[in-house]
Amino acid sequence: MSPDRFDRVVLDAGHGGHDEGAKGPSGLKEKELVLDVAKRLATRLRKRGIEVIMTRTTDEFLSLEARTSVANDAHADLFLSIHANASPSRKPRGIETYFASLDASDEDARATAERENSAFGAAAPDFGNDDPLAVILGDLIESQHLQESSEFAKLAQSQLSGVAPARSRGVKQAPFVVLMGVRMPASLVEIGFLTNPDDEKGLRRKREREKVAGALADAVISFAKRYDARRGVASAISRDHARTK
Ligand SMILES: [Zn+2]
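What counts, and at which threshold
Residues numbered from 1 in each chain as written. Predicted model: local features only at pLDDT ≥ 70, side-chain atom pairs only at ≥ 80, totals over all residues. Helix = DSSP H or I, 4+ residues; strand = E, 2+ residues; numbered from the N terminus. Core = buried A, V, L, I, M, F, W, Y, C linked by C-beta atoms within 7 Å. Buried ≥ 20, exposed ≤ 12 C-beta atoms within 10 Å, placed from the backbone. Contact = placed C-beta atoms within 7 Å. Pairing = 2+ DSSP bridges. Axes fitted to C-alpha atoms, helices over the stretch in contact; angles between N-to-C directions. Expected span 1.5 Å × (residues − 1). Left-handed = near helix turned anticlockwise from the far one by under 90°. Nonpolar A, V, L, I, M, F, W, Y, C, P; charged D, E, K, R; others polar. Arc of directions from axis to C-beta. Parallel < 35°, antiparallel > 145°, perpendicular 65-115°, else oblique.

S.K.: I would appreciate a short explanation of the environment of Arg231 in the present structure.
M.R.: When you line up the elements, Arg231 lands in helix 8 (residues 206–231). For Arg231 and Arg5, which are 226 residues apart along the polypeptide, the C-alpha to C-alpha distance reads 7.5 Å.

Dropping the structure here:
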C-alpha cells in the first residue's frame, strides 16, 4: 500500500437521532434521506476499490467532535458530508456543493451554513471578527487542503448538474463547522431542497437517489485520479465492470 495514494473516503451523513435536519412538506426527513444516499454512494465506491468509512450507519446523533475525529483518525483522503437543504420559502430548489470558508459566498449560503451548524448547538461558533476561534479556524481552512477541497467541490457540482441540469445552484463557500476541523480535503453537498415539493418528491424515488450517488461516485473517482496523478502514484481505483447507467 502506498501511503500517499487516494484510497480512503469518509462519508458523513448529516444529522441523526433527535436531530432530524430539514423536513419536507410530505414528511421526508433529511436525516433518513442523506443516510440512504450515503450508503448507496459507499456501495459504489467500495466496488471501485476505495475504502469507505461512514461517520454513522444508523439513525443516531453524532457530535461535531465525533464526526471530525472519525475523519481525522482514519487519515482519509477526502471527507464528504451529505445534506439536504431547507428554505423558509417553498420556491428554492436544486443542488449545491460547498467548501469551507469563513466568508459565505452569498446570503443564502450563509443561512444554509447557519442552519446546518445549529445542529451542533454550543459547538457551532459565532464568527465575530475578533473571535480567536475564527482565527484558528481560518488558519485551518487556509491550509493546503483548500485548493483540493475547491477542486472536489467543482467536480461534484459538475457531475451533479448532469442529474438535474436546470437545478444546479453552483459551488459555494460558507463557514460549515463540520468541514473546518477535518485535516483533509473536505466538501459538503446539499442534494436538494426538502422544502420544495418537487425536490422532495424526486428525492423520495430510489432512481433519483441512485443518480445522485452515481454522480458523487464519479466525482470522487475523477478527484482520486487527479490526486494520484499530482503525487505521481499508481491509482487504487479498479475498473468499473458493472456500469449500470
Ligand atoms: Zn443538513
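S.K.: It is not clear to me how the nonpolar core should be interpreted in this structure. Could you clarify?
M.R.: Generally speaking, soluble globular proteins have nonpolar side chains that are buried together. Counting residues in hydrophobic clusters, the biggest one holds 64 residues, and the most contacted among them are Val9, Leu11, Leu216 and Val220. The leading source of residues in this core is helix 8, at 11 residues. Aside from chain neighbours lying at most four places away, what touches Val9 is Leu45, Ile50, Val52, Ala76, Asp77, Leu78, Leu80 and Val220.

S.K.: Hey, could you run me through unusual backbone geometry in this one?
M.R.: Note on backbone geometry: most residues besides glycine have negative phi, and most peptide bonds are trans. The backbone of His15 shows a phi angle near 65 degrees, a positive value even though the residue is not glycine. Its location among the elements puts His15 in the loop between strand 1 (8–13) and helix 1 (30–47). Judged by the 24 C-beta atoms lying within 10 Å of it, His15 is buried. Here His75, not a glycine, exhibits a phi torsion of approximately 50 degrees, which is positive. With respect to the helices and strands, His75 occurs in the loop between helix 2 (64–74) and strand 3 (78–85).

S.K.: How should I be thinking about the sheet that holds strand 5 (residues 168–174) in this particular structure?
M.R.: Backbone-to-backbone hydrogen bonds join strands into a sheet, with any given pair of strands oriented parallel or antiparallel. Overall, mixed pairing links the 6 strands, which are arranged 2-1-3-6-4-5 in an open sheet. Two strands close off the open sheet at either side, each with one partner strand: strand 2 (51–54) and strand 5. The sheet shows a mean angle of 25 degrees between the axes of neighbouring strands, direction not considered. Taken together, the 5 bridges between strand 1 and strand 3 define a ladder with parallel strand orientation. Across the sheet, Asp12 pairs through a bridge with Ser81, a residue of strand 3.

S.K.: I'm lost on helix 5 (residues 145–163) in this one. Help?
M.R.: Counted at 1.5 Å a residue, the expected span for helix 5 with its 19 residues is 27 Å, and the 27 Å between its end C-alpha atoms agrees. Taken together, the buried positions of helix 5 are occupied by His145, Glu148, Ser149, Phe152, Ala153, Leu155, Ala156, Gln157, Gln159, Leu160 and Val163. The secondary structure elements touched by the buried residues of helix 5 are strand 3, strand 4 (95–100), strand 5, strand 6 (186–193) and helix 8.

S.K.: Where do I start with the packing of helix 5 against helix 8 in this structure?
M.R.: Each pair of packed helices can be described by the angle between their axes along with the distance between the axes. The contact between helix 5 and helix 8 brings their axes to 8 Å, and the two run at 145 degrees. The handedness of the crossing between helix 5 and helix 8 comes out as right-handed. Residue-level contacts link Glu151, Phe152, Leu155, Ala156, Gln159, Leu160, Gly162 and Val163 of helix 5 to Lys211, Val212, Ala215, Leu216, Asp218, Ala219, Ser222 and Phe223 of helix 8. Taken together, the residues of the contact of helix 5 with helix 8 sort by class into 10 nonpolar, 3 polar and 3 charged.

S.K.: What am I meant to see in helix 2 here?
M.R.: Owing to its 3.6 residues per turn, the α-helix aligns residues three or four sequence positions apart on the same side. Those residues of helix 2 not exposed but buried are Arg67, Thr68 and Ala71. Viewed along the axis of helix 2, the buried residues span an arc of 90 degrees, placing them on a single side of the element. Counted as exposed and oriented over 90 degrees from the buried face of helix 2: Glu65 and Asp73. Those residues of helix 2 that are buried are in contact with strand 1, strand 3 and helix 6 (177–180). Looking one or two residues past helix 2, His75 carries a phi angle of roughly 50 degrees, positive in sign.

S.K.: What should I look at first to understand the packing of helix 1 against helix 8 in this one?
M.R.: Axis separation between helix 1 and helix 8 bottoms out at 9 Å; the angle between their running directions is 50 degrees. Taken together, helix 1 and helix 8 sit at an angle that is classed as oblique. Between helix 1 and helix 8 lies a crossing of right-handed hand. From helix 1, Asp36, Val37, Arg40, Leu41, Arg44 and Leu45 reach across to helix 8, where they touch Arg209, Glu210, Val212, Ala213, Gly214, Leu216, Ala217 and Val220.

S.K.: Can you walk me through the environment of Gln159 in this structure?
M.R.: Examined against the element boundaries, Gln159 turns out to sit in helix 5. Along the chain, Gln159 and Ala219 lie 60 residues apart, while their C-alpha atoms are 6.3 Å from each other. In contact with Gln159, not counting residues within four places along its chain, are Ala215, Leu216, Asp218 and Ala219.

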